[in-house]
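These are the residues of each chain, in order.
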Amino acid sequence: MPYAKLTIDLPTAVWIGEVSRDFPSATFRVLSAMPSGEAGFGLLEVESESIPAVLGAIESLSGVSSVELMQHAENTAIVQFETSDPLLLLSIQESGAPLELPLTIRGGEAVIELTASRDRLSAFGQQLEAFGLSYTLNRVYDAVETPDLLTDQQRRLLVTAVEEGYYDTPRECTLTELAEAVDLAKSTASVTLHRAEERVIKEFAAERLDVTLDDPPRAV
């Protein structure tokens, strides 16, 4: 069954697109969502250092019919919402493709993950275009046949390397600092990172550059 990951550029006409652009440092996660006729209902998790301001902005939007605070911590809130403008939910419903939650939205962009037939994925793209939603296809592969690319340790190290600026130009983090950040010996971090880089580069070359590999990259 094909798996696809895509990024949707939400227009300002979509309320969650508008509020996420107004608060670019905030993270919005749709925990549950259900379109009903021309309306939509769901639970939304908000992470922000300005929770009251964000919730106030949501309540003031014309596309939001109601907002009810369900849970509130220092920098996190969960709200139940109803919207009269559920373009994203309607496009998913029309395509028949199952939405994998949570759906993360930052700065007006929604990252969507779907596992469905190629016909349904194609229908989903057509529905997004029909509703005026532009998108970028980040990745698509057969979810059943694709093996794990990285081990947990390789994945954690690679993610930390990116976050700490190890791959920035100029480099913001040395290998020694990276090893300390993940509590590994420098030699272990070096070998682990090299293996992770090998597998990521080989997969990229096979998928995007049509390079034929004798053996597909697997987590070891």
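Structural notes, computed from the coordinates. (Residues numbered from 1 in each chain as written. Predicted model: local features only at pLDDT ≥ 70, side-chain atom pairs only at ≥ 80, totals over all residues. Heavy atoms only, no water.)

All right, on to the pairing of strand β7 (residues 109-115) then. Residues A110, I112 and L114 line the buried face of β7, whereas the alternating positions E109, V111, E113 and T115 sit on a face that is not buried. Bridging between strand β1 (residues 2-9) and β7 involves 7 bridges; their strand directions are antiparallel. Pairing of L6 across the sheet is with I112, part of β7. Sheet analysis places strand β6 (residues 103-106) next to β7, joined by 3 bridges and oriented antiparallel. Bridged to T104 within β7 is V111. The hairpin turn running from β6 into β7, its antiparallel successor, is 2 residues long, and G107 in that turn takes a positive phi close to 55°. (Buried < 20%, exposed > 50% of the residue type's maximum accessible area, 1.4 Å probe, protein only. Helix = DSSP H or I, 4+ residues; strand = E, 2+ residues; numbered from the N terminus. Pairing = 2+ DSSP bridges.)

Across all of its chains, the model carries 2 aromatic pairs by this definition. Judged by centre distance (5.1 Å) and plane angle (85°), the ring pair of Y166 and Y167 falls under edge-to-face. Classification of Y166 by relative accessible area gives buried; the value is 10%. Over the aromatic face of Y166 sits the side chain of R171, whose NZ or CZ is 3.9 Å from the ring centroid. (Phe/Tyr/Trp six-rings, centres within 6.5 Å; stacked < 30°, edge-to-face > 60°. Lys NZ or Arg CZ within 6 Å of the ring centre and 35° of its normal.)

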